[in-house]
Amino acid sequence: MDVLVVSDIHANLEALRAVLDDAGRYDALWFLGDAVGYGPDPEACVQLLIERSPAIWLAGNHDHAALGKLDVSDFNPEARAAAEWTAGQLSDAVRARLNACVPRIDDAGADVTFVHASPRSPVREYILNAALAEAAFDGFSGPLCLFGHTHVPAAYDEAVDGASRHPLTPDAPLDLTGGRWLVNPGSVGQPRDGDPRASYLRLTAHADGRRSVTLRRVAYDIAATQAKILAAGLPPRLAARLEFGW
Ligand code: ZN
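The model shown is predicted, which means the values in this text are computed figures rather than measured ones. (Residues numbered from 1 in each chain as written. Predicted model: local features only at pLDDT ≥ 70, side-chain atom pairs only at ≥ 80, totals over all residues. Heavy atoms only, no water.)

Details of the overall build of the protein
1) Next: In terms of helices and strands, the protein carries 8 helices and 12 strands.
2) Next: In terms of overall size, the protein behaves like a compact globule, its C-alpha atoms giving a radius of gyration of 17 Å where 246 residues would be expected to give roughly 18 Å.
3) Next: Seen along its three principal axes, the alpha-carbon backbone of the protein occupies a region of about 50 × 35 × 30 Å.
4) Next: For the protein, buried positions account for 57% of its 246 residues.
5) Next: Of the roughly 9800 Å² of accessible surface on the protein, 52% is carried by carbon and sulfur atoms.
6) Next: Placing the 22 positive and 32 negative side-chain charges of the protein at their respective mean positions leaves the two points 2 Å apart. (Helix = DSSP H or I, 4+ residues; strand = E, 2+ residues; numbered from the N terminus. Rg over C-alpha atoms; globule rule 2.2 N^0.38 Å. Buried < 20%, exposed > 50% of the residue type's maximum accessible area, 1.4 Å probe, protein only. Areas by Shrake-Rupley, 256 points an atom, 1.4 Å probe, with all protein chains shown as cover. Lys, Arg positive; Asp, Glu negative; His and termini not counted. Charge placed at Lys NZ, Arg CZ, Asp CG, Glu CD.)

Regarding the side chain of Arg211
1) Next: Mapped onto the elements, Arg211 comes out in strand β12 (residues 211-218).
2) Next: The buried charged residue Arg211 lacks any salt bridge partner; its closest oppositely charged side chain belongs to Asp111, at an N-O distance of 4.7 Å.
3) Next: Within polar-contact distance, the side chain of Arg211 engages the backbone oxygen of Ala110 at 3.0 Å.
4) Next: With residues near it in sequence (within four places) discarded, Arg211 still touches Ala110, Asp111, Val112, Pro143, Leu144, Leu174, Asp175, Leu176, Thr177, Leu203, Thr204 and His206. (Salt bridge = Lys/Arg side-chain N within 4 Å of Asp/Glu carboxyl O. Polar contact = N/O pair within 3.5 Å; in protein donor to acceptor, adjacent residues only side chain to side chain. Contact = heavy atoms within 4.5 Å.)

Overview of the packing of helix α2 (residues 42-52) against helix α5 (residues 92-99)
1) Next: Orientation of α2 relative to α5, taken along the N-to-C sense of each, is 65 degrees, at an axis distance of 10 Å. Crossing of α2 over α5 shows left-handed handedness. Contacts between α2 and α5 involve Glu43, Val46, Gln47 and Ile50 from the former and Val94, Arg97 and Leu98 from the latter.
2) Next: Among the residues forming the contact of α2 with α5, the class breakdown is 4 nonpolar, 1 polar and 2 charged. (Axes fitted to C-alpha atoms, helices over the stretch in contact; angles between N-to-C directions. Left-handed = near helix turned anticlockwise from the far one by under 90°. Nonpolar A, V, L, I, M, F, W, Y, C, P; charged D, E, K, R; others polar.)

What about the packing of aromatic side chains?
1) Next: Tallying each qualifying case throughout the model produces 3 aromatic pairs.
2) Next: Geometrically, the ring pair formed by Phe31 and Trp57 is edge-to-face, given 6.2 Å between the ring centres and 70 degrees between the ring planes. Placement of the pair is Phe31 in strand β2 (residues 28-31) and Trp57 in strand β3 (residues 56-57), with a sequence separation of 26 residues. Each member of the pair, Phe31 as well as Trp57, is classed as buried.
3) Next: Look at Phe137 and Phe140: their rings are 5.8 Å apart centre to centre, the planes differ by 35 degrees, and that puts the pair in the tilted class.
4) Next: Exposure remark for Phe140: the relative accessible area of 5% places this residue in the buried category.
5) Next: Between the NZ or CZ atom of Arg180 and the centre of the ring of Phe140, over which it lies, the distance is 4.4 Å.
6) Next: Positioned above the aromatic ring of Tyr38, the side-chain terminus of Arg241 is 5.8 Å from the ring centre. (Phe/Tyr/Trp six-rings, centres within 6.5 Å; stacked < 30°, edge-to-face > 60°. Lys NZ or Arg CZ within 6 Å of the ring centre and 35° of its normal.)

Looking at the sheet that holds β3
1) Next: One open sheet accounts for 6 strands, arranged β3-β2-β1-β11-β12-β9; its pairing is mixed. Strands at the two margins of the open sheet, each flanked by one partner only, are β3 and β9 (174-175).
2) Next: Of the pairings in the sheet, the one linking strand β11 (residues 198-205) to β12 comprises 8 bridges and is antiparallel in character. Bridge pairing in β12 places Ala198 opposite Val218. (Pairing = 2+ DSSP bridges.)

Quick look at the coordination of the zinc ion
1) Next: On the protein side, the zinc ion has Asp8 (OD), His10 (NE2), Asp34 (OD) and His151 (NE2) as donor atoms, found 2.0 to 2.5 Å from it.
2) Next: Mapped onto the sequence, the donors of the zinc ion take the spacing D-x1-H-x23-D-x116-H. With His10 in the loop between β1 (2-6) and α1 (13-23) and Asp34 in the loop between β2 and α2, this residue pair connects regions lying 24 residues apart in the sequence.
3) Next: On the accessibility criterion, His10 (1% relative accessible area) is buried.
4) Next: Classification of Asp34 by relative accessible area gives buried; the value is 1%. (Donors = N, O, S within 2.8 Å, 3.2 Å for Na, K, Ca; no water.)

Some words on the pairing of β11
1) Next: Most of β11 sits out of view: 6 of its 8 residues are buried.
2) Next: Relative to β11, β1 runs antiparallel, the two being bridged by 4 bridges. Note on β11: the bridge partner recorded for Val5 is Leu201.

So, to be careful, I would describe these as geometric facts and stop short of saying anything about function.
And the structure:
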């Protein structure tokens, strides 16, 4: 079984298309939330996701903000402006689809917990380091939790002496057999680890029972997305940051 794990698309249609082209064939698509917010194509991104019918489709904080389900007073000014603009772009059908999503799913069949942000706080908490990951392990009981929200690819395992972070290198499989893991695929539409290429994971369940993840990074037409952000009247900083991967 070969699964695409994507998160934080953020209305970046060029990045989403590049990821799906790069991925080719797969058995299932798991999406960890934030389809919209920041980017210029919220309606088209959700429509493309609907076509691909993800087996897992979570809600993120920016999805909630666009639906008016989250108070945006603690968003930074650019995020708040984008949330307000996004709210006016969505069709009733897309709003209804986003409204049906929840920020956490515990899937006993797949033996995976899915959260947008963290198991303790599925919409808001940022798991940014090993200390926060260690606390997050208390929030789920299975062997694997997939999370997004930070826009930084990361893998943590629950070692005896505290959680530790493992490097996720593009195209180098990381074996998740044994122990418990928290894994983040990074962001499709607004990476924040200094690499501007779109980020996603392939999760492979091998015939012998082993499970591994492989990070992929994909170049896309950043200039096209930037031009659309500016043409839509969204904050220019949201365009500028894409080329720095921040
Ligand atoms: Zn996000």
